[in-house]
Amino acid sequence: MPEALEPAVRAGTCISAWERFCADLADLGRAVHDGGHPDPADGVRHLSRVAIHALQSAVEHGDPAFPTFHRFDDDVVKWGGPNVDNVYLRARVDADYGYRVTGNLAGVRNVIVSVVEGDMQLEQYGVFAECDIDRLDVAEDGSFELVVSAVRPGGCSGPWMPLDRRARYLSVRVYVCDLDTDRVGEFAIERIGSAGQAPARLAPARLADQLGEAMTWQRATMEYWGPFMDSVYERTGGANVISPPMSVPGGADGIRYGGGIYELAPDEALLIETEVPDADYWSVMLYSKPWFESLDIHNRQNALNGQEIHVDDDGICRIVVAHRDPALPNWLDTEGRSTGHVSWRWIWARSAPTPVATVVPHANLDRVVPAEARRLTRAERTAALARRRAHFARRFRR
């Protein structure tokens, strides 16, 4: 090939790959419209969020030789039913290399670090190794160091995790439960032996591969979660039924999930009652259907954890899924969505009670809930929402 033509050919490779990505993106948008979803704006916004994640993950954070932690499933870019009490990070890894993870966990409640294959929508379920904060040998000042590699390096006597040949990501989940005191920590990753090195400039063929990877992930994600939620409906036996908490393929070893699909008329509420689990962490939250996104966590109360959930004097937690405020502390705001997913997590649990759900006319809640159960004033609700807004601004907007 004449040298003078090479730049044009390289540019053509990039443009061709980009045009193909954009055409596939347009096809996914048309599928949202043609799918008859009741709120197409939700679908198109979800498509844009998934595109952001796919491009950032594949293009900007896709090099296992020079990995960087990438935040995802936060308050804006979200997919796959994220836990709103987590800060999610992950970095691309390859077992041909070894890695050193450093940072600071001062003020962090707990963290799960996992060596994982990928995402369940790509049928990549492997979770090959995990550790939490107790295994990270955190110093008094909060600093820590973790080595991740196929075999433990000589001279490495500190925390180490094996890196399976099938693994593609090192995943971090930070647990943030107390809105006022819990911290999110600091994390950095480097390939061992990469000091003083830098990656080569991005080549056209590499970019084309990355765009193809991004679209493969995006298409699978857009197509997976709707049928997944339909399967939840079928498994639990219909609407407004809560399944017992259980482990799921691709999930962390210490997490048990439970939940179901709610369907509520404008004048109905779903009253969910449960005993308090013996668990280090537990929570309940709502997700959109069919996109399996968390809802507007900045401005509405649609997720609660064990630090926040009020327990009545009889030892029962009463959670109300409703379209309008029932003046009860454990209200989950549906945003007016007639259907959605309600999900439970029992984490590091010694007991895992199964919640019981009952559809109740909204007007009858006062008769169903014990008279001695706590009620909230409008001023108390306003203060609680202001506290949540301030917390999420600190967590995600600093």
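For every chain, the first residue of the written sequence is number 1, and numbering continues from 1 onward in sequence order. With the structure being a predicted model, the display of local features is reserved for residues of pLDDT at least 70 and the display and counting of side-chain atom pairs for 80 or more, all residues being used for whole-chain, interface and lining totals. With hydrogens and water excluded, all non-hydrogen atoms of the structure serve as input to the side-chain values.

**Considering the state of the cysteines**
Consideration 1: Pairs of cysteine sulfur atoms within 2.5 Å are identified as disulfides in what follows. What the rule picks out here adds up to zero disulfides.
Consideration 2: A disulfide-free cysteine, Cys14 has its sulfur positioned 13 Å from the sulfur of Cys22, the nearest such atom.
Consideration 3: By relative accessible area, Cys14 is classed as partly exposed at 23%.
Consideration 4: This cysteine, Cys177, is not joined by any disulfide, and Cys317 carries the nearest cysteine sulfur, 15 Å off. Remark: exposure states derive from per-residue accessible area (1.4 Å probe, protein chains only) relative to the maximum for the residue type, with buried under 20%, exposed over 50%, and partly exposed in between.

**Notes on the packing of aromatic side chains**
Consideration 1: Any two rings among Phe, Tyr and Trp, with Trp reduced to its six-membered ring, count as a pair given centres within 6.5 Å; such a pair is stacked if its planes are under 30 degrees apart, edge-to-face if over 60, and tilted if neither. This model, assessed by the stated rule, comprises 18 aromatic pairs.
Consideration 2: With a centroid separation of 5.8 Å and an interplanar angle of 15°, the aromatic rings of Phe72 and Trp79 are classed as stacked. Exposure class is identical for Phe72 and Trp79. Each is buried.
Consideration 3: With centroids separated by 6.0 Å and ring planes inclined at 20°, the aromatic side chains of Tyr224 and Phe228 adopt a geometry described as stacked.

**Concerning the confidence of the model for the chain**
Consideration 1: Predicted confidence across the chain gives a mean pLDDT of 93, with 95% of residues reaching 70 or more.
Consideration 2: As a per-residue measure, pLDDT tells how confident the predictor is, with possible values from 0 to 100. Any two residues having at least one pair of non-hydrogen atoms within 4.5 Å are treated as being in contact. Throughout residues 1-5 the model reports pLDDT below 50, and contacts reaching past four residues in sequence, or to other chains, amount to two contacts.

**Brief notes about the pattern of salt bridges**
Pairing between side chains of opposite charge can happen when the charged atoms of each approach one another.
Consideration 1: Here a salt bridge means any side-chain nitrogen of Lys or Arg lying within 4 Å of a carboxyl oxygen belonging to Asp or Glu. Within this structure, the stated rule accounts for 28 salt bridges.
Consideration 2: With its nearest N and O atoms 3.1 Å apart, the salt bridge here joins Arg337 to Glu335.
Consideration 3: Look at Glu335 and you get partly exposed, because its relative accessible area is 23%.
Consideration 4: One salt-bridge network, held together by shared partners, links Asp42, Arg45, Glu335 and Arg337.

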